[in-house]
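# Structure at a glance
Here's the letter readout for the chains.
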Amino acid sequence: MEMTSTSLKRGCLVVEDNDSVTPHDETKKQKVSEGCLTSSQDGVENDGLHRSENEPGPPEAESTVKDDENSSAQVQEEEEEEEEEDGLSEAGEEEEAESFADMMKHGLTELDVGICKFVSSHHGFSGILKERYSDFVVHEIGKDGRISHLDDLSVPVDEEDPPEDALTVLTAEDRQQLEELQLFKNKETSVAIEVIEDTKEKRTVIHQAIKSLFPGLETKTEDREGRKYIVAYHAAGKKALANPRKHSWPKSRGSYCHFVLYKENKDTMDAINVLSKYLRVKPNIFSYMGTKDKRAITVQEIAVLKISAQRLAHLNKCLMNLKLGNFSYQKTPLKLGALQGNHFTVVLRNITGTDEQVQQAMQSLRETGFINYYGMQRFGTTAVPTYQVGRAILQNSWTEVMDLILKPRSGAEKGYLVKCREEWAKTKDPASALKKLPVKRCVEGQLLRGLSRYGMKNIVSAFGIIPRNNRLMYIHSYQSYVWNTMVSRRIEEYGLRPVPGDLVLKGATPTYIEEDDVDNYSIHDVVMPLPGFDVIYPKHKISEAYREMLAADNLDIDNMRHTIRDYSLSGAYRRIIIRPQSVSWEVVAYDDPKIPLFNTDVDNLEGKPPPVFASEGKYRALKMDFSLPPSTYATMAIREVLKMDTASRTRPS
């Protein structure tokens, strides 16, 4: 459970977030949520966008690419050697934890991305966030307001399931032969397994085991020279492999198995990749309401198509840092954005604030809230901010897009990326630079592969090889940069009160606050637009500030449609102040910096007693609980409590 500690000293809060992440598409008309108009906006991006998801073709001008609600769960298989290296090994995680702070040293400051205001008046104090990743726990909140917990590992009773023996009755050799048969990797048309202890019960268990573990295979019993064999074969040739689950799924139960996923120090897509690898299925049969970041303990609901609870529960015996439970069969999958938010339990260790300072800070968080800024991780972790790439896309400056993504940059990166960038700077040869990358699914690798395929004169198509969600993240980063800057201007100009010309939402419709209507609203009702072709702007000084900021970036606020439809921005609305719900806190004393300061769901399942605190100790910690809507950043709430800069660049060496 150890990880690199992150020091929050006066003037430099170094943290990462783990808020709700739901890939969004602002090219569509948005709907209102508590945090902003769209409940499907991101809360957190992967560092530097170095994890791909699927690989659609390049966009065409005025293309009609449709959203796929499960697109973020779709990971196309590439060459087999790449698949082995695509974030599934545990070995790289220690290296990543060790190098994170170094990677951030040359990144942005809060001022660079418009974060410069606080709403509270208390004095700040310092502490340590994520000294252990178990100090940051996230529980998903469903639309019904129910917080997801892992508290039941039992499997639903289902007569259609094979007995437990079915999962252990086959030998390793049997399993290998059956898997090769299932995937058409051998020349044989069947696999015969001898029944050593020939009883009807034994044969039944073997039949059930094969059908359960290797969907698409059928079985029969044969006598061969006085011996009994179970013979496995394909029921419908290669068509069975295309949709194997339909051949063995009981019609009487829902097609989707929903379960709660508890994970430690692993992001959602990595966890799904691991599950799909063990189950021998493609990741796109999994669905979820929002992705959760890596450096934390998180609990969320997942749905999977036609995989039994029994098979899923069996994985608990062989998985590390993952646990599955609370199984149920349902008729529908889960949809991105269909969540109310997330509940956070956060520990700040070794705090310097007095009890009075803590009390003032937490009461302000509960009563006033915090500025709903997009957090630092929205903008990347190196010296080239993602919003600069987004701005170049909107400007149609494709050579600049290519250069920004591929050029060498200050700050520590993984060694192979540094070598790749150096090779690119030296040769401008995409094939040569690509050879420096052992893992080609990163954004740089995909762009280089696109340049190799389409040539240096067709950067638009080359860039289109990058998964759509990742391409759009660059543009959304630019929108977030504009929004942060404008909100700081709005608060500087008018303070924490609604004024005539501000925007509020009535349902999903934005409306201006009129002079005689001001007293009917509070600052918590006010929204600000993310720039786009389908939003209106405030009717006061900030409207002109939007226009001037975009004009300085050579963009026309009156024409946010792009020649490539994917990159046309419709815009959205976002509340400027968020007041967390269910806020509670306590200050505890402790002596051992490694001691857990609260129980996780797995601790409770295992019957571990909660920690007992001394009245006095060497250190003090602030343990806080609060709930946030989608698209809001827990780090921005913590920033308001501590009055610290969340930019890791200011971290002392």
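The structure we're discussing is the one just above.
Note that the structure is predicted; figures quoted are calculated from it, not measured. (Residues numbered from 1 in each chain as written. Predicted model: local features only at pLDDT ≥ 70, side-chain atom pairs only at ≥ 80, totals over all residues. Heavy atoms only, no water.)

### Section: the sheet that holds strand β5 (residues 190-194)
Strand order across the open sheet formed by three strands is β5-β7-β6, with antiparallel pairing between neighbours. In this open sheet, the two strands that pair with only one neighbour each are β5 and β6 (217-224). Across the sheet, the mean angle separating the axes of adjacent strands is 25° when strand polarity is ignored. As paired strands, β5 and strand β7 (residues 227-234) are joined by five bridges and run antiparallel to one another. When the sheet's bridge partners are listed, I193 is paired in β7 with I230. Sitting on the sheet, helix α3 (residues 172-182) touches β5, β6 and β7, and the angle it makes with β5 is about 160°. (Pairing = 2+ DSSP bridges. Helix = DSSP H or I, 4+ residues; strand = E, 2+ residues; numbered from the N terminus. Axes fitted to C-alpha atoms, helices over the stretch in contact; angles between N-to-C directions. Contact = heavy atoms within 4.5 Å.)

### Digging into the packing of helix α9 (residues 386-394) against helix α15 (residues 468-494)
Pairs of packed helices are described in terms of their axes, by the angle between the two and the distance that separates them. Closest axis-to-axis distance for the α9/α15 pair is 7 Å, and the angle between their directions is 100°. Judged by the angle between their axes, α9 and α15 are roughly perpendicular. Contact residues: α9 offers T386, Y387, V389, G390, R391, I393 and L394, while α15 offers R471, Y474, I475, S477, Y478 and Y481. (Parallel < 35°, antiparallel > 145°, perpendicular 65-115°, else oblique.)

### Some thoughts on the sheet that holds strand β14 (residues 503-506)
The four strands are arranged β15-β14-β16-β17 in an open sheet whose pairing can be described as antiparallel. Edge strands, defined here as strands with exactly one partner in the open sheet, are β15 (509-512) and β17 (572-575). Direction aside, the axes of adjacent strands within the sheet are offset by 55° on average. Two elements, β14 and β15, share four bridges in a ladder whose sense is antiparallel. In the strand pairing of β15, K506 is matched with T509. Strand contacts of α15: β16 (526-530) and β17, with the helix running at about 145° to β16, the strand carrying the most contacts.

### Quick look at helix α6 (residues 268-279)
The end-to-end C-alpha distance of α6 is 16 Å, a good match for the 16 Å that twelve residues give at a rise of 1.5 Å each. The buried fraction of α6 amounts to ten of the twelve residues, a majority that puts the element mostly inside the structure. Among the residues of α6, T268, M269, D270, A271, I272, N273, V274, L275, S276 and L279 are the ones counted as buried. Packed against the buried residues of α6 are β8 (256-264), β9 (286-288), β10 (297-305), α7 (309-314) and β11 (322-330). With a side-chain oxygen lying 3.2 Å from the backbone nitrogen of M269, the N-terminal cap of α6 falls on D267. Two residues or fewer after α6 comes R280, characterised by a positive phi angle close to 60°. (Expected span 1.5 Å × (residues − 1). Buried < 20%, exposed > 50% of the residue type's maximum accessible area, 1.4 Å probe, protein only. Polar contact = N/O pair within 3.5 Å; in protein donor to acceptor, adjacent residues only side chain to side chain.)

### Some details on α15
If you check α15, its first and last C-alpha atoms are 38 Å apart, about what 27 residues at 1.5 Å a residue would give, namely 39 Å. Its maximal kink placed at Y474, α15 deviates by approximately 25°. The element α15 is extensively covered by neighbouring structure, given that 24 of its 27 residues are classed as buried. With its phi angle positive at about 75°, G495 sits one or two positions after the end of α15. (Bend = angle between axes of the 7 residues up to and from the residue.)

### Overview of the pairing of β16
The buried count for β16 comes to five of five residues, which makes it a mostly enclosed element. Relative to β16, β14 runs antiparallel, the two being bridged by two bridges. Within the sheet, the bridge partner assigned to L503 lies in β16 and is V527. For β16 and β17, the ladder comprises four bridges, and the chain directions are antiparallel. Note that in β17 the partner of L530 across the bridge is A572.

### Notes on the packing of α15 against helix α16 (residues 541-552)
Their axes nearest at 10 Å, the elements α15 and α16 cross at an angle of 145°. Here α15 runs over α16; the crossing is right-handed. For the pair formed by α15 and α16, the contact residues are Y478, Y481, V482, W483, T485, M486, R489, R490, E493 and Y494 on the first element and K541, I542, A545, Y546, M549 and L550 on the second. Considered class by class, the residues forming the contact of α15 with α16 number eleven nonpolar, one polar and four charged. (Left-handed = near helix turned anticlockwise from the far one by under 90°. Nonpolar A, V, L, I, M, F, W, Y, C, P; charged D, E, K, R; others polar.)

### Considerations on the packing of aromatic side chains
The final tally for this structure, using the stated rule, is 14 aromatic pairs. Ring centres 3.9 Å apart and planes at 15° place the aromatic pair Y387 and Y481 in the stacked group. Of this pair, Y387 sits in helix α9 while Y481 sits in helix α15, and the two are 94 residues apart along the sequence. You'll find Y387 and Y481 in the same group, each marked buried. A network of ring pairs unites the aromatic residues F379, Y387, Y478 and Y481 as a single cluster. One Lys or Arg, R561, reaches over the ring of F533 and ends 3.7 Å from the middle of that ring. (Phe/Tyr/Trp six-rings, centres within 6.5 Å; stacked < 30°, edge-to-face > 60°. Lys NZ or Arg CZ within 6 Å of the ring centre and 35° of its normal.)

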